[in-house]
Amino acid sequence: MNILFATAEVSPIAKTGGLGDVCGSLPKALAQLGHDVTIFMPYYRQAQEWFASNDIEPEEVLPATYVSWANWAVEARYLRTTLPGTEIPLILVGNDYYFHRPHIYSARFDGYDDGIERFTFFCRAVIRGCELLGIAPDVVHAHDWHTALLPVYLHSGLRGSDQFRNARSVYTIHNLNYQGIGGSNRFAGLGLHSRYWAPDAVEHYGDVNLMKGGIILADQVTTVSPTYAREIQSGEHGAGLDGILRSLSFKLHGILNGIDVDEWDPATDPHIRSNFDKGHLAGKRLCKRALLRELNLKHKARTPLVGFVSRLVDQKGIDLLIAALPHMLAAGAQAVILGSGEPRYENALQQIAARHPESCRVIIGFDSALAHSIYSSADMLLMPSIYEPCGLNQMYALRYGTVPVVRLTGGLADTVIPFDGTNLDAANGFGFFSANAADFYTATWLAMLNYRESKSWRRLQANGMAADFSWERSARQYEAVYDRARYS
Ligand code: ADP
Ligand code: GLC
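Residues numbered from 1 in each chain as written. Chains lettered and ligands numbered in written order. Predicted model: local features only at pLDDT ≥ 70, side-chain atom pairs only at ≥ 80, totals over all residues. Heavy atoms only, no water.

## Considerations on the pattern of salt bridges
Opposite charge on two side chains permits them to pair, given that their charged atoms come into close proximity. The cut-off we apply is this: Throughout this description, the term salt bridge denotes a Lys or Arg side-chain nitrogen within 4 Å of a carboxyl oxygen of Asp or Glu. Numbered from the N terminus, helices here are DSSP runs of H or I no shorter than four residues, and strands are runs of E no shorter than two. Partly exposed residues are those whose accessible area sits between 20% and 50% of the maximum for their type, while under 20% is buried and over 50% is exposed, using a 1.4 Å probe and protein chains only.
If you walk through the whole model with that rule in mind, you get 17 salt bridges. The salt bridge involving R77 is made with E60; its shortest N-O contact spans 3.0 Å. Of this pair, R77 sits in strand β5 (residues 72-82) while E60 sits in strand β3 (residues 59-60), and the two are 17 residues apart along the sequence. Looking at R77, the relative accessible area reads 28%, which means it is partly exposed.

## Some points on the sheet that holds strand β18 (residues 403-407)
The condition is simple: At least two bridges found by DSSP between two strands is the condition for calling them paired. To obtain an axis, a line is fitted to C-alpha atoms, over the contacting stretch when the element is a helix, and the angle between two such axes runs from 0 to 180 degrees between their N-to-C directions. Residue contacts are defined here by distance: any two heavy atoms, one from each residue, within 4.5 Å place the two residues in contact.
The parallel open sheet is built from six strands, whose spatial order is β16-β15-β14-β17-β18-β19. What marks the edges here is a single partner per strand, and that holds for β16 (360-364) and β19 (430-432). The mean angle between the axes of side-by-side strands here comes to 15°, regardless of whether they run parallel or antiparallel. With two bridges connecting them, strand β14 (residues 305-312) and strand β17 (residues 380-383) associate as parallel partners. The residue of β17 that forms the bridge with V306 is M380. Its contacts with the sheet put helix α11 (residues 343-355) on β14, β15 (334-341) and β16, and the angle it makes with β16 is roughly 150°.

## Quick word on the domain arrangement of the protein
To be explicit about the condition: The split of the chain into domains comes from an automatic or database domain assignment. Using a 1.4 Å probe, buried area is obtained as the accessible area two parts lose upon being combined, added over both of them. Each polar contact in these results corresponds to two N or O atoms within 3.5 Å; when the atoms are within protein, one needs to be able to donate a hydrogen and the other to accept it, and residues that are neighboring in sequence are counted only if both atoms are side-chain atoms. Each residue gets one of three labels, nonpolar for Ala, Val, Leu, Ile, Met, Phe, Trp, Tyr, Cys and Pro, charged for Asp, Glu, Lys and Arg, and polar for the others, Gly among them.
Considered domain by domain, the protein is made up of domain 1 (2-258 + 472-487) and domain 2 (282-468). Summarising the inter-unit geometry, the C-alpha centres of domain 1 and domain 2 are found 32 Å apart. Opposite the 19 residues of domain 1 that make contact, domain 2 presents 18 residues. A combined buried area of about 1400 Å² lies between domain 1 and domain 2, and 56% of that area is made up of carbon and sulfur atoms. In this assembly, domain 1 and domain 2 are joined by zero salt bridges. Linking domain 1 with domain 2 are nine residue pairs in polar contact (both at pLDDT 80 or more), by the criterion used here. Of all the elements in the fold, those that place two or more residues in the side of domain 1 that touches domain 2 are α1 (18-32) and α7 (226-231). The element contributing the most residues to the side of domain 1 that touches domain 2 is α7, with four residues. Of the residues contributing to the side of domain 1 that touches domain 2, the split by class is six nonpolar, ten polar and three charged.

## What about the packing of helix α10 (residues 318-330) against helix α15 (residues 437-451)?
Threshold: Oblique is the label for every angle not falling under 35 degrees (roughly parallel), over 145 degrees (roughly antiparallel), or within 65 to 115 degrees (roughly perpendicular). By the definition used in this description, the sense in which the near helix is turned from the far one sets the handedness, with an anticlockwise turn below a right angle giving left-handed and a clockwise turn giving right-handed.
Packing of α10 against α15 brings their axes to within 9 Å, and their N-to-C directions diverge by 40°. Our classification of the angle between α10 and α15 gives oblique. The chirality of how α10 crosses α15 is right-handed. Residues L320, L321, A323, A324, H327 and M328 of α10 pack against A437, F440, Y441, T444 and M448 of α15.

## Quick notes on the sheet that holds strand β10 (residues 203-204)
One open sheet accounts for three strands, arranged β9-β11-β10; its pairing is antiparallel. Among the strands making up the open sheet, the edge pair consists of β9 (181-182) and β10. With two bridges connecting them, β9 and strand β11 (residues 207-209) associate as antiparallel partners. Among the inter-strand pairings, I181 is bridged to a residue of β11, identified as N209. Its contacts with the sheet place helix α6 (residues 210-217) against β10 and β11, and it is angled at close to 55° to β11.

## Notes on α11
Note the threshold: Multiplying one less than the number of residues by 1.5 Å gives the expected span of a helix. Along the arc lie the directions from the helix axis toward the C-beta atoms.
Taking 1.5 Å per residue as the helical rise, α11 with its 13 residues ought to reach 18 Å, and the 18 Å between its terminal C-alpha atoms agrees with that figure. Along α11, the residues classified as buried are Y345, E346, L349, I352 and A353. Buried residues of α11, viewed axially, fall in a sector of 130°; they line one side. Away from its buried face by more than 90 degrees, α11 exposes P343, A354 and R355. Buried residues along α11 sit against β14, α10, β15 and β16.

This is the structure in structure tokens:
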């Protein structure tokens, strides 16, 4: 079938988190199942830089074109290339006013948050691009709030056009807490009939809510783990949309993300100091020594190195980390933390590092090579997330023999089997349930105790490294959802 992916991020071209990883790897698995996938993404400044630094020149495929909707007529450029390392077509939608900014999600130059306008333009440009390039998808697969308008536009009459006559929509929620919300005055800019200003479309308690529209009007809805699919139907994790999700649960599916097992393979990873695999962990020890040296930390026998790689936002349990980390260091751990995000979190973590120069390093920034190096070198990876739709970091850690210590929520509960003292045949990590720093510390402390028991520790590592997180199984589940969208 012809599948159109529309997304705000594609790894390795432009990413801020797991959305990019998924949209850069799931299309490969779908192509391997025999489907024709075309990906659309914005031609950000960051994407231009990525292509330039990789000596790739995307080809301009159309003369600059006006995309019009509501009262707008905005110029779009369309450039074609392929998803790196594949034959999968990737169409870049260019408009420097919207996309040439310091960060992927930067506000306008004057500080005004025009995110809804930018991604409305992107969705309209995807539609126009399909018309002009003769792309007739069977399934339009939209992701997160940025492209939630695509299922809405499909519902609102687009199916009358030749290109979209057979198109059905699938909408994936990667994170329910970012919904694309704006004041009611934004509605006019969406170019929708007034019938869509209603609680069963994009209106939510007087505001525009794009994700709500996507959920209600898509033919099928998925989210990125089975546990998160259940959690978002509850008041605690439903972010105000739990009632809607409960009433639409007949078309909501939790499909666990996979990972790109070629990019994330300790046996071949070019970013790490020494390659290794399940049967030969000596390379992992060399990675750890090298990273400690780079960070100017002393290598000490029987001292665990705990790692943390993440956006620094409250979702990720940074408050718990800040409270528990000094105790972990006092108990003898070394720590390396890589992240960027809210300044209050960046500052608090840097202060901890300043107080513990002998055992803790905090690197503020986004650095993919260093992330690979941390997964390969650390003994444990910390993920005390308050909520976690899927989480990819724990899967990368498991594959690199790094034992995760996680809060058992969302996809973390679906991928980490906590060690309880009796299940060494299956366990691959440590877990805790309630979102408090004491429980997080206790779980890490237990991990540290077990780290000293080298036999059981090796078993935990081996169980993690043996897990299969490749995309194939999940890609087949997406295929089944696409079929449901088309035939039900
Ligand atoms: P989320 O999408 O919520 O941020 P995921 O665990 O799904 O969480 O994915 C995070 C992705 O972003 C992983 O590929 C991780 O390695 C990467 N990442 C997060 N923060 C950084 C950082 N500071 N530097 C490099 N990579 C990062
Ligand atoms: C979101 C979630 C994360 C998930 C990723 C990819 O960013 O926060 O848990 O792994 O999307 O689906």
